[in-house]
Amino acid sequence: ARLPRTLTRNLSQFDGQTVRLQGFVHARRDLGGVQFVVLRDVSGITQCVGSGLSLPLPESSVEVVGKVKAHPKAPGGFEVQVETFTVITAAIEASPLEIPKMEWNVNPETMLDYRYVSVRGLRERAALKVQAELVFAFHSHLREQGFTEISTPKIVSAGAEGGANLFKLDYFGEQAYLAQSPQLYKQIMVGVFERVYEVAPVYRAEEHATSRHLNEYLSLDVEMGFIDSEEDVMNLENSVLTVMMERLKTTCAAEFALLGATIPEVPAHIPRIPLMEARALVTEKYGHAVGGKDLDPEAERLLCQHYAETEGSDFVFVTKYPRAARPFYAHAEINADGSLSPDITRGFDLLFRGIEITSGGQRIHDHAMLMDSIRAYKMNPEAMTGYSEVFKFGMPPHGGFAIGAERLTAKLLGIANVRYARAFPRDRNRLTP
Ligand code: AMO
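Read on for a plain summary of the structure. (Residues numbered from 1 in each chain as written. Predicted model: local features only at pLDDT ≥ 70, side-chain atom pairs only at ≥ 80, totals over all residues. Heavy atoms only, no water.)

**Quick word on unusual backbone geometry**
Glycine aside, residues mostly have negative phi angles, and peptide bonds mostly take the trans form.
Here's step 1: A cis geometry characterises the amide bond from Thr-432 onward to Pro-433, with omega recorded as -10°.
Here's step 2: Within the fold, Pro-433 resides in the segment after helix H11 (405–413).
Here's step 3: You will see that Phe-172, though not glycine, has its phi angle at about 50°, which is positive.
Here's step 4: Tracing the backbone through its elements, the reader meets Phe-172 in the loop between strand E8 (168–171) and strand E9 (174–178).
Here's step 5: Under the relative-accessibility criterion, Phe-172 is labelled exposed at 77%.
Here's step 6: Backbone geometry places Phe-226, a non-glycine residue, at a positive phi of 60°. (Helix = DSSP H or I, 4+ residues; strand = E, 2+ residues; numbered from the N terminus. Buried < 20%, exposed > 50% of the residue type's maximum accessible area, 1.4 Å probe, protein only.)

Written as structure tokens, this is what we have:
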């Protein structure tokens, strides 16, 4: 009978026994009398040693049957002494990139030009594995908390976040757009399931090339009904992040070791600071004059430095955003006397290791208030009826947030550009592969 396939990761359980491995030729060396093949499978790499082997080109897929032997110098501490070596599918030409030699900072454009093979690199796939585990934990914790997964349209008739960064699309002669966010639909779905989430790509026509912007990114969206305030939403994000980091500890230790990165501790209560205080702190402590109405990238970096140094936290919530820096659906701050603030909202951002990874907040749920806001933002109320009408039908107080998956992944692993936290990034100059 044919031996079952063994993953390279499990070799230590088979010391002295014969195993069957399948994978790709990661590297190879022919010393004449003896040949070495480093075999890469989904779980890691293993050195295989044989004699009289005719070695196929790197990246060929192969099968090795042989005996496992402890070998302190081999990756993983074991090697396989080849008995039979079978080429499953031979590579028909040399790979344009030498997979074992790749680094993110080596020739980045070439890496992306040949992304269909460069994603096979150990570091490259480690980032994608970490992201997959983050998404898994996001699903599992939210399901446990009574959330239902939804799927909202990515072809839409209007933008949710305003601004000019909408991709236009011809929809059978009608003007349509690619969704910037599931925002309006996730709010509507609170009326159905009360607690909802979505994991899906969204689209932003950002013209500029920065290390934090993609034109297509994975948005981890949450919306939750029957809240008291945005504090409930921040508490939920606090616990989601805790579960996500715990998941990484049990599933991605090797990936973090490979990249020399550390999994952060999520404080039981992530520090929270109102935006205006954050701006003042950065100016007073670091002498940085903050431009605009929000935090600029340098202010985000300095604020994170402050909380890392003073509270040992890699995370900080910036709360109570001014109206001028928030979209029309943001709920106004409710003053102590019950009146609504004209210029402060219940919107927040979450910063992590120097950059914004989340926006969120409480939303307007009162129909009249919503219509006022739509008009105040100079939006066309007629174009919004597919959304605004539902607020005539008992929408409860609600709020939510969205995490940019690539930003979180990149910051966790110390990857300098979000493009390398996505398998096939779309940026200003890149539509293939
Ligand atoms: P916002 O527009 O702030 O909020 O986006 C939420 C998060 O998405 C990530 N992000 C990006 N990542 C990569 N490339 C981009 N171009 C990009 N733009 C944004 C960031 C950001 O924090 N509807 C609200 C969310 C909500 O309130 O629920 C929204 O979309 O990590």
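**A few points about the layout of surface pockets**
Here's step 1: Within this model, the largest pocket holds a volume of roughly 1,100 Å³.
Here's step 2: Around the largest pocket sit 47 residues that line it, and Glu-161, Arg-204, Glu-356, Ser-359 and Arg-407 are the ones nearest its centre.
Here's step 3: Of all the elements in the fold, those that place two or more residues in the lining of the largest pocket are strand E11 (216–225), helix H8 (297–311), strand E16 (347–352), strand E17 (355–362), strand E18 (398–404) and H11.
Here's step 4: The element that contributes the greatest number of residues to the lining of the largest pocket is E17, accounting for seven residues.
Here's step 5: Considered class by class, the residues forming the lining of the largest pocket number 16 nonpolar, 16 polar and 15 charged. (1 Å grid on protein atoms, 1.4 Å probe; cavity = no way out; pocket = protein on both sides within 12 Å on 5 of 7 lines; lining within 4 Å. Points joined across faces, edges and corners; volume = space filled by probe spheres on them. Nonpolar A, V, L, I, M, F, W, Y, C, P; charged D, E, K, R; others polar.)

**Details of the sheet that holds E18**
Here's step 1: Across the sheet, eight strands lie side by side as E6-E10-E11-E18-E17-E16-E13-E12; this open sheet has mixed pairing. Every interior strand has two partners, whereas the edge strands, strand E6 (148–149) and strand E12 (272–274), have only one.
Here's step 2: As defined by bridge partners, strand E13 (residues 315–319) adjoins E16 across four bridges and the pair is classed as antiparallel. Note that in E16 the partner of Phe-317 across the bridge is Leu-350. (Pairing = 2+ DSSP bridges.)

**Details of H11**
Here's step 1: Of all nine residues that make up H11, eight are buried, and the element is covered over most of its length.
Here's step 2: For H11, the full list of buried residues reads Ala-405, Glu-406, Arg-407, Leu-408, Thr-409, Ala-410, Leu-412 and Leu-413.
Here's step 3: One or two residues past the end of H11 sits Gly-414, with phi positive at roughly 70°.

**Description of the nonpolar core**
Here's step 1: Judged by nonpolar contacts, the single largest core of 57 residues is most densely connected at Phe-138, Met-244 and Leu-408.
Here's step 2: Residues within four places of Leu-408 in sequence aside, it is in contact with Leu-134, Leu-241, Met-244, Met-245, Phe-352, Ile-357 and Ile-403. (Core = buried A, V, L, I, M, F, W, Y, C linked by side-chain atoms within 4.5 Å. Contact = heavy atoms within 4.5 Å.)

**As for the packing of helix H3 (residues 122–144) against helix H5 (residues 230–251)**
Here's step 1: Between H3 and H5, the least distance of the axes is 8 Å, while the angle of their chain directions is 130°. By the angle between their axes, H3 is oblique relative to H5. In this structure, the crossing between H3 and H5 has a hand that is right-handed. Together, Lys-129, Val-130, Glu-133, Leu-134, Phe-136, Ala-137, Phe-138, His-141 and Leu-142 of H3 and Leu-236, Ser-239, Val-240, Val-243, Met-244, Met-245, Arg-247, Leu-248 and Thr-251 of H5 make up the contact between the two elements.
Here's step 2: Residue composition of the contact of H3 with H5, by class: twelve nonpolar, three polar and three charged. (Axes fitted to C-alpha atoms, helices over the stretch in contact; angles between N-to-C directions. Parallel < 35°, antiparallel > 145°, perpendicular 65-115°, else oblique. Left-handed = near helix turned anticlockwise from the far one by under 90°.)

**Thoughts on the site of the ligand**
Here's step 1: Taken together, 22 residues are adjacent to the ligand, and Gln-183, Lys-186, Glu-356, Ser-359 and Arg-363 come closest.
Here's step 2: In the environment of the ligand, an oxygen atom lies 3.1 Å from a nitrogen or oxygen atom belonging to the side chain of Tyr-217.
Here's step 3: Taking 630 Å² as the accessible area of the ligand by itself, protein coverage stands at 93%.
Here's step 4: Judged by the proximity of its atoms to the pocket grid, the ligand belongs to the largest pocket.
Here's step 5: Of all the elements in the fold, those that place two or more residues in the shell around the ligand are helix H4 (183–193), E17 and E18.
Here's step 6: For the shell around the ligand, the leading source of residues is E17, giving five residues. (Near = heavy atom within 4 Å. Polar contact = N/O pair within 3.5 Å; in protein donor to acceptor, adjacent residues only side chain to side chain. Areas by Shrake-Rupley, 256 points an atom, 1.4 Å probe, with all protein chains shown as cover. Sits in = over half its atoms within 2 Å of the grid points.)

**Things to note about a nonpolar patch on the surface**
Here's step 1: On the surface, a nonpolar cluster with roughly 300 Å² of combined accessible area is contributed by Tyr-114, Tyr-116 and Phe-424.
Here's step 2: Among the structural elements, Tyr-114 can be located in the loop between helix H1 (108–113) and helix H2 (115–118).
Here's step 3: By relative accessible area, Tyr-114 is classed as partly exposed at 31%. (Patch = residues over 30% accessible without salt bridge, like charges linked within 9 Å, V, L, I, M, F, W, Y side chains within 5 Å. Salt bridge = Lys/Arg side-chain N within 4 Å of Asp/Glu carboxyl O.)

On their own, these measurements won't tell you what the molecule is for.
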